[in-house]
Amino acid sequence: MATQSEIEHPNKAFGYAARDASGFLHPFSFSRREAGEKDVAFKVLYCGICHSDLHMVKNEWGFSTYPLVPGHEVVGVVTEVGSKVEKFKVGDRVGVGCMVDSCRTCQNCCDNLENYCPQYTLTYGAKHKDGTITYGGYSDSMVADEHFVVGIPDGLPLDAAAPLLCAGITVYSPLRYFALDKPGLHVGVVGLGGLGHVAVKFIKAFGAKVTVISTSPNKKEEAIQHLGADSFIISRDQDQMQGAMGTLDGIIDTVSAVHPLLPLIGLLKSHGKLVMVGAPEKPLEMPVIPLLMGGKIVAGSSMGGIKETQEMIDFAAQHNVKPDIEVIPMHYVNTAMERLLKLDVKYRFVIDIGNTLQST
């Protein structure tokens, strides 16, 4: 028999939230909206921790609202579907990534590029069209419009699938768009962290050659022996950089710290492409003449549309592309945030929500 609390709050949810810019996460009870006719409700089983969660809980980007429930790498099992839902049924394995809505009418939305819609709604810390605040996946349940829900194939473990919904699509999308997904190409990856290590795996799955470019010599063995990179360049070693000049068809730059672009541009072949997916807080210096002389491109990319996210998840399942993760209990989340700040993780934390989130 339902308790009085359950009668009064039929969509009661529980999770962890930051109360202020200290960033410390506390147990937090709240309500999800009722599942509408196009909504999918699901029990959250795992949620990845993205570096942007750390920025958001501390309000380092200046637009966080509290209480803030982070998490945009959310996976679980469907518990309810609305009357007009067509793609999912109860019991399906599903996930939600970085956004839960968009205007649906602009050119970007019509082109399946909801990630570039001027009015997209972030999965947490944003406002729904009705004015309510979105709460993320550090919680026991989620409700989202089916358009923004992706199916997780049976062959892909749910815990490994979670980081693909942000880190995975962030590197997969530019590899596809800039045609760096062909066998025989040679692609560089700058930075070997949460994004970089997934980029290496996708590039290898595409059949291309991959070179990791890093400031850390101690990552060479990891890059080559464990992740399967073909070569490794220490970016501070002038001889190594000089020896690789003009050898790369493209580069995926995952670094969020300020760093020089000129040496990276030099590694590109003519008409090569340097694609930025990291977000340095300060502007980077952009040398133009090397671009002119080689017909080279410096571009940016952010997330990916929902159709492409589903394509990415399906590709990952087919080609066994799985991020390297450390699964943690919910109560460890604040320690994990501290470790993430120190880059002390290989390579992505995933919270075991289903087994460890207690609502007591």
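- Per an unreviewed UniProt entry, the protein chain goes by mannitol dehydrogenase and derives from Flemingia macrophylla.
- The protein chain has a UniProt comment under Catalytic activity (unreviewed entry) that states "D-mannitol + NAD(+) = D-mannose + NADH + H(+)".
- Under the heading Cofactor (unreviewed entry), UniProt records this for the protein chain: "Zn(2+)".

## A look at the pairing of strand β4 (residues 74-81)
In step 1: Note that strand β3 (residues 39-48) and β4 share 7 bridges and pair antiparallel. Each residue of the ladder has a partner; that of phenylalanine 42, found in β4, is valine 78.
In step 2: Bridge analysis of β4 against strand β5 (residues 93-96) gives 4 bridges, and the strand direction is antiparallel. Bridge pairing in β5 links valine 77 to arginine 93.

## Comments concerning the packing of helix α4 (residues 158-177) against helix α10 (residues 306-319)
In step 1: Viewed as axis vectors pointing N to C, α4 and α10 meet at an angle of 105°, and their least axial separation amounts to 9 Å. Accordingly, the angle class assigned to the pair α4 and α10 is roughly perpendicular. Here Ala161, Leu164, Leu165, Gly168, Ile169, Tyr172, Ser173 and Arg176 of α4 lie close against α10, whose contacting residues are Glu308, Thr309, Glu311, Met312, Ile313, Phe315 and Ala316.
In step 2: Class assignment for the residues of the contact of α4 with α10 results in 9 nonpolar, 3 polar and 3 charged.

## What to know about empty space enclosed by the protein
In step 1: Counted according to the given criterion, the structure contains 1 cavity of 30 Å³ or more.
In step 2: Counted as a void, the largest cavity has a volume near 90 Å³.
In step 3: Lining the largest cavity we find 14 residues, and of these Gly97, Cys98, Leu165, Ile306 and Thr309 sit closest to its centre.
In step 4: If you list the elements that add at least two residues to the lining of the largest cavity, you get β5, α4 and α10.

## Details of the UniProt feature "domain: Enoyl reductase (ER)" (unreviewed entry) in the protein chain
In step 1: Look at the UniProt record and you will see "domain: Enoyl reductase (ER)" (unreviewed entry) annotated at residues 23-351.
In step 2: Between the end C-alpha atoms of residues 23-351 the distance is 17 Å, and the span holds 28% helix and 25% strand.

## A few points about the layout of surface pockets
In step 1: Its volume calculated, the second largest pocket comes out at about 260 Å³.
In step 2: Among the secondary structure elements, those contributing two or more residues to the lining of the second largest pocket are α4 and α10.
In step 3: Taken together, the residues that form the lining of the second largest pocket break down as 5 nonpolar, 7 polar and 4 charged.

## Points about the pattern of salt bridges
In step 1: Throughout the structure, instances matching the rule amount to 18 salt bridges.
In step 2: Between arginine 104 and aspartate 145 there is a salt bridge whose closest N-O contact spans 3.4 Å. Of this pair, arginine 104 sits in the loop between β6 (99-101) and α3 (107-110) while aspartate 145 sits in strand β8 (residues 141-145), and the two are 41 residues apart along the sequence.
In step 3: Residue aspartate 145 is classed as buried on the basis of its relative accessible area of 15%.
In step 4: Close ionic contact of lysine 182 with aspartate 181 constitutes a salt bridge, the shortest N to O distance being 2.6 Å.
In step 5: Judged by its relative accessible area of 40%, lysine 182 falls in the partly exposed class.
In step 6: Judged by relative accessible area, which is 9%, aspartate 181 ranks as buried.

## Points about helix α11 (residues 333-341)
In step 1: Restricting attention to buried positions, one finds in α11 the residues Val333, Asn334, Ala336, Met337, Arg339 and Leu340.
In step 2: Summarising the contacts, the buried residues of α11 are in contact with β1 (12-18), β2 (25-31), α2 (51-57), β16 (325-328) and β17 (348-352).
In step 3: At the exit of α11 stands leucine 343, carrying a positive phi of roughly 60°.

## Section: α10
In step 1: Its 14 residues place the ends of α10 20 Å apart at the C-alpha level, agreeing with the 20 Å of an ideal helix rising 1.5 Å per residue.
In step 2: Considered for burial, the residues of α10 that qualify are Ile306, Glu308, Thr309, Met312, Ile313, Phe315 and Ala316.
In step 3: In this fold, the buried residues of α10 make contact with β6, β9 (150-151), α4 and α5 (194-206).
In step 4: Within two residues after α10, asparagine 320 carries a phi angle of roughly 55°, on the positive side.

## So, the sheet that holds strand β12 (residues 231-234)
In step 1: In space, the 6 strands of this open sheet follow the order β12-β11-β10-β13-β14-β15, with parallel pairing throughout. In this open sheet, the two strands that pair with only one neighbour each are β12 and β15 (297-300). Across the sheet, the mean angle from the axis of one strand to that of its neighbour is 20°, orientation sign disregarded.
In step 2: Across 4 bridges, the pairing between strand β11 (residues 209-214) and β12 is parallel.

## Topic: the packing of aromatic side chains
In step 1: Inspection of every chain in the model, using the stated rule, returns 11 aromatic pairs.
In step 2: Aromatic side chains phenylalanine 28 and phenylalanine 30 sit 5.4 Å apart centroid to centroid with 15° between the ring planes, which places their arrangement in the stacked category.
In step 3: For phenylalanine 30, a relative accessible area of 7% corresponds to the buried category.
In step 4: When the ring of phenylalanine 30 is compared with that of tyrosine 135, the centres are 4.7 Å apart and the planes differ by 55°; the resulting orientation is tilted. With phenylalanine 30 in strand β2 and tyrosine 135 in the loop between β7 (121-122) and β8, this pair connects stretches of sequence that are 105 residues apart. Tyrosine 135 carries the same exposure label as phenylalanine 30, and that label is buried.

What counts and how
- Each chain has its residues counted from 1, running along the sequence as written.
- Selection of residues for local features in this predicted model requires a pLDDT of at least 70, selection of side-chain atom pairs for listing and counting requires 80 or more, and totals for whole chains, interfaces and linings are taken over all residues.
- The basis for the side-chain values is all heavy atoms of the structure; hydrogens and waters are excluded.
- UniProt positions are given in the numbering used here, feature names are shortened, and annotations may be inferred rather than shown by experiment.
- For two strands to be treated as a pair, DSSP must find at least two bridges joining them.
- By the criteria applied, helices consist of DSSP H or I runs no shorter than four residues and strands consist of E runs no shorter than two, each listed in order from the N terminus.
- Throughout, an axis means a line fitted to C-alpha atoms (over the contacting stretch in the case of helices), and angles, computed between N-to-C directions, take values from 0 to 180 degrees.
- Our angle categories are set so that under 35 degrees counts as roughly parallel, over 145 as roughly antiparallel, 65 to 115 as roughly perpendicular, and the remainder as oblique.
- Whether two residues are in contact is decided by their heavy atoms, any of which lying within 4.5 Å being enough.
- Following the grouping adopted for this structure description, the nonpolar residues are Ala, Val, Leu, Ile, Met, Phe, Trp, Tyr, Cys and Pro, the charged ones are Asp, Glu, Lys and Arg, and the polar ones are all others, Gly among them.
- A 1.4 Å probe that fits but cannot get out identifies a cavity on a 1 Å grid over protein atoms alone, an open set with protein on both sides within 12 Å along at least five of seven lines counts as a pocket, and a residue lines either if it has an atom within 4 Å of a point.
- Grid points are joined across faces, edges and corners, and a volume is the space filled by probe spheres set on the points.
- A side-chain nitrogen of Lys or Arg and a carboxyl oxygen of Asp or Glu constitute a salt bridge if their distance falls within 4 Å.
- Burial here depends on accessible area, computed with a 1.4 Å probe over protein chains only, as a share of the maximum for the residue type. Under 20% is buried, over 50% is exposed, and the range in between is partly exposed.
- An expected span of 1.5 Å times one less than the residue number is assigned to each helix.
- Note on aromatic pairs: the rings of Phe, Tyr and Trp (six-membered ring only in Trp) are paired at centre separations within 6.5 Å, and the planes decide the class, stacked below 30 degrees, edge-to-face beyond 60, tilted for the rest.

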